[in-house]
Amino acid sequence: MKTKYQVIDLNHYTEADLAEAGRIICEGGLVAFPTETVYGLGADALQEEAARKIYAAKGRPSDNPLIVHITKMEDLEALAEEVPECARKLAEAFWPGPLTMVFPKKPAVPYGTTGGLDTVAVRMPSHPLARDLIRVSGRFLAAPSANASGRPSPTRASHVKDDLDGRIDMILDGGEVNIGLESTVVDVTGEVPTILRPGYVTQEMMQRVVGRVEIDRAILEENVDRHFVPKAPGMKYRHYAPKGSLTVVEGEEEAVIREICRLAEEGVKAGKRVGIIATEETAGRYPAGMVRVIGSRADEESVAHGLFAILREFDDLEAQLIYSEGFGEQGLGRAIMNRLLKAAGHQVITAGGEKV
Ligand code: TXA
Ligand code: MG
């Protein structure tokens, strides 16, 4: 299949420019488009065959459910059997935006979209192009991140092209995304809203709106209890694994820098291609290895924004050993560390301490 590639200037486009993309969606095809979090791979969520094509294009396990994207609250009523009060409050506070909520599904939502589950994940994106594509097509868009399964989520259209060219109908290039990490997923089917995937909207932010919000044990205890089955099926797969071996080095800043310097030098001496994930504040401190800046420690949003692109860059550079500085787990740091540790397959060193 030939993949059409259309550049959209976000400052100068009209709905007419999205006519072809909208038609492809209606005919059951696949269109990649930017959202405020990462690029999504969209299909008509209520056409089971269309949703199934997404799994084939990504090489995604068929039990990993898709998020359905909408533009208004009435759309939610069409998809969710029941919308609890807490979900309405969360929607009012964070929609449109990077929050996904899990509801009991209406029968109209096919199992091909929900990975066989009786629940459906719904998100109302804020990105203008995502919203216009939903409106122009007149459909709800099932859309996972538009990467090949096992690759980092795409934050640029070129990432989508690298992974899915020839496998999907169209790519809408709307430039770089804003946030760079996928949405927060929260299950609102139980007594207490429970975070299944940490993201830009943090536990603290939601607690301010609805009081109690829990974090799924699987996220908190991922390192401790390997047998605990996560409720978000997607969380059990080893995501974003770079081709090289990634190790996160945690601890006090000076100790981290010393340890990464030592490991990098050791690797280079052994003839390996070594990559270092550093920050603006620390990049000048590493004499050996290919040093790349993920963002600034003073601005954790910049770190979130840089994470997936840097993992892809080290794949392109064919880094065999990659060492990353660790980050604090407060606020957005929880989502950053969740993605980084997944990419590392939980290989963590505490500088000056033991390997865990
Ligand atoms: O920011 C995002 O959420 C992006 C953009 C494109 O919107 N999408 C995205 O989709 O990250 P995906 O498919 O890569 O991740 C969806 C996550 C997976 O971990 C999946 O298991 C979980 O949401 N999920 C989806 N439906 C669910 C359900 N019914 N119950 C529990 N978890 C669900
Ligand atoms: Mg994904």
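Look a little higher up for the structure.
Rules behind the numbers
- All chains use their own residue numbering, which begins from 1 and follows the written sequence.
- Lettering for chains starts from A, numbering for ligands starts from 1, and both go in the order in which the items are written.
- Selection of residues for local features in this predicted model requires a pLDDT of at least 70, selection of side-chain atom pairs for listing and counting requires 80 or more, and totals for whole chains, interfaces and linings are taken over all residues.
- With hydrogens and water stripped out, all remaining heavy atoms of the structure feed into the side-chain values.
- Here a helix means four or more residues in a row that DSSP labels H or I, a strand means two or more in a row labelled E, and each is numbered from the N terminus.
- By definition, residues are in contact when any of their heavy atoms lie within 4.5 Å.
- The convention is simple: Lys and Arg are positive, Asp and Glu are negative, and His and the chain ends are not counted.
- The atom standing in for a charge is NZ when the residue is Lys, CZ when it is Arg, CG when it is Asp and CD when it is Glu.
- Exposure classes here rest on a 1.4 Å probe applied to the protein chains alone. A residue is buried below 20% of its type maximum, exposed above 50%, and partly exposed in between.
- Note on pairing: DSSP must find at least two bridges between two strands before they are called paired.
- For helices, the axis comes from a line fit to the C-alpha atoms of the stretch in contact; other axes are also lines fit to C-alpha atoms, and the angle between any two N-to-C directions lies between 0 and 180 degrees.
- Between rings of Phe, Tyr and Trp, where Trp is taken as its six-membered ring, a pair exists when centres lie within 6.5 Å; planes separated by under 30 degrees are stacked, by over 60 edge-to-face, and by other angles tilted.
- Lysine NZ or arginine CZ positioned within 6 Å of the ring centre and within 35 degrees of the ring normal marks a charge as sitting over the ring.
- Each angle is binned into one of four classes, with values under 35 degrees roughly parallel, values over 145 roughly antiparallel, values of 65 to 115 roughly perpendicular, and all other values oblique.
- By convention, the crossing between two helices is left-handed when the near helix turns anticlockwise from the far helix through less than a right angle, and right-handed when the turn is clockwise.
- In this count, Pro and Cys sit with the nonpolar residues alongside Ala, Val, Leu, Ile, Met, Phe, Trp and Tyr, while Asp, Glu, Lys and Arg are called charged and the others, Gly among them, polar.
- Cavities and pockets are found on a 1 Å grid laid over the protein atoms alone: a cavity is a set of points where a 1.4 Å probe fits but cannot escape, a pocket is an open set with protein on both sides within 12 Å along at least five of seven lines, and a lining residue has an atom within 4 Å of such a point.
- Grid points are joined across faces, edges and corners, and a volume is the space filled by probe spheres set on the points.
- Grouping buried Ala, Val, Leu, Ile, Met, Phe, Trp, Tyr and Cys residues that are joined through side-chain atoms within 4.5 Å yields what is termed a nonpolar core.
- Criterion for a salt bridge: a side-chain nitrogen of Lys or Arg within 4 Å of a carboxyl oxygen of Asp or Glu.

S.K.: Explain the overall build of the protein to me, please; I cannot follow it from the model alone.
M.R.: Helix and strand counts for the protein come out as 12 helices and 16 strands. Residue pairs at least 24 apart in sequence account for 67% of intrachain contacts in the protein once pairs closer than 6 positions are excluded. Between the centroid of the 42 positive side chains of the protein and the centroid of its 53 negative side chains there is a distance of 4 Å.

S.K.: Help me understand helix α2 (residues 48-58), please; the structure alone is not making it clear to me.
M.R.: Since one α-helical turn is 3.6 residues long, residues separated by three or four positions face the same way. Taken together, the buried positions of α2 are Ala-50, Ala-51, Ile-54, Tyr-55, Ala-57 and Lys-58. Summarising the contacts, the buried residues of α2 are in contact with β3 (39-44), α5 (111-114), β7 (141-142) and α7 (157-164). Of the residues trailing α2, Gly-59 is marked for its positive phi of about 70 degrees.

S.K.: Would you explain the environment of Glu-266 in this entry?
M.R.: If you trace the backbone, Glu-266 turns up in helix α10 (residues 253-269). As for Glu-266 and Ala-288, which are separated by 22 residues in sequence, their C-alpha atoms are 9.4 Å apart.

S.K.: Before we go on, may I ask you to explain the sheet that holds strand β16 (residues 348-350) in this structure?
M.R.: Whenever strands of a sheet pair, they do so through backbone hydrogen bonds, lying parallel or antiparallel. On the basis of which strands lie adjacent, the open sheet formed by 5 strands has the order β14-β13-β15-β12-β16 and parallel pairing. The sheet is open, and its two borders are formed by β14 (290-293) and β16, each paired with just one other strand. Shown here is a sheet whose adjacent strand axes are inclined to one another by a mean of 25 degrees, direction ignored. In terms of strand pairing, strand β12 (residues 245-250) meets strand β15 (residues 321-325) through 5 bridges, oriented parallel. The residue bridging Val-248 from the neighbouring strand is Ser-324, located in β15. Contacting β12, β15 and β16, helix α12 (residues 333-343) runs over the sheet at an angle of about 135 degrees to β12.

S.K.: Any chance you could explain the pairing of β12 here in plain terms?
M.R.: Pairing geometry for β12 and β16, over 3 bridges, is parallel. Residue Val-248 lies in a different strand from β16, and its bridge partner there is Val-348.

S.K.: Mind showing me how you'd approach the packing of aromatic side chains here?
M.R.: Between two aromatic rings, the relevant description is the distance of the centres plus the angle of the planes. As enumerated under the stated definition, the model contains 0 aromatic pairs in all. The aromatic ring of Tyr-111 is capped on one face by Lys-105, whose charged end is 4.4 Å from the ring centroid.

S.K.: Whenever I open this one, the packing of helix α11 (residues 300-316) against α12 confuses me. Can you help?
M.R.: Helices that pack against each other are described as a pair by the angle of their axes relative to one another and the distance between those axes. Viewed as axis vectors pointing N to C, α11 and α12 meet at an angle of 20 degrees, and their least axial separation amounts to 10 Å. Overall, the two elements α11 and α12 adopt an arrangement that is roughly parallel. The hand of the α11/α12 crossing is left-handed. On α12, the residues that touch Glu-300, Val-303, Ala-304, Leu-307, Phe-308 and Leu-311 of α11 are Gly-333, Ile-336, Arg-339, Leu-340 and Ala-343. When the residues that make up the contact of α11 with α12 are grouped by side-chain class, the tally is 8 nonpolar, 1 polar and 2 charged.

S.K.: Please clarify how empty space enclosed by the protein should be interpreted in this entry.
M.R.: Counted by the stated rule, this structure contains 2 cavities of 30 Å³ or more. In this structure, the largest cavity encloses a volume near 80 Å³. Looking at the largest cavity, it is lined by 14 residues, and the ones nearest its centre are Pro-198, Thr-202, Gln-203, Gly-331 and Arg-334. In terms of residue class, the lining of the largest cavity is made up of 5 nonpolar, 6 polar and 3 charged.

S.K.: What's the story with the sheet that holds strand β9 (residues 184-187) in this structure? I'm lost.
M.R.: The mixed open sheet is built from 11 strands, whose spatial order is β1-β8-β2-β3-β7-β4-β6-β5-β9-β10-β11. The two strands at the open ends of the sheet, each matched to only one other strand, are β1 (4-7) and β11 (214-215). The pairing of strand β2 (residues 31-34) with β3 spans 4 bridges and is classified as antiparallel. From the neighbouring strand, Ala-32 faces β3, where its bridge partner is Leu-41. Where helix α6 (residues 128-137) meets the sheet, its contacts fall on β2, β4 (67-69), β7 and β8 (170-173), and the angle it forms with β2 comes to roughly 140 degrees.

S.K.: For this particular structure, what's the right way to read the nonpolar core?
M.R.: Within soluble globular proteins, side chains that are nonpolar tend to cluster in buried spots. By size, the foremost hydrophobic cluster in this structure holds 49 residues, and its most contacted members are Leu-41, Trp-95, Leu-99, Met-101, Phe-103, Ile-168 and Met-206. For this core, the secondary structure elements donating two or more residues are β3, α2, α3 (73-79), α4 (85-94), β5 (99-104), β6 (119-123), α7 and α8 (203-210). If we skip the residues at most four places from it in the chain, Leu-99 touches Leu-90, Phe-94, Val-122, Arg-123, Met-124, Ser-183, Thr-184, Val-186, Val-201 and Met-206. Within the second largest apolar cluster, 28 residues are counted, among which are Ile-294, Ala-304, Phe-308 and Val-348.

S.K.: Looking at this structure, how should I read the pattern of salt bridges?
M.R.: As a working rule, side chains carrying opposite charge can pair if their charged atoms are close by. Summed over the entire model, instances satisfying the criterion amount to 22 salt bridges. For the salt bridge of Lys-4 with Glu-20, the shortest nitrogen-to-oxygen distance reads 3.1 Å. Of this pair, Lys-4 sits in strand β1 while Glu-20 is found in helix α1 (residues 19-26), placing the two residues 16 residues apart along the sequence. Of the residues examined, Lys-4 reaches a relative accessible area of 39% and is grouped as partly exposed.

Geometry only, nothing functional implied.
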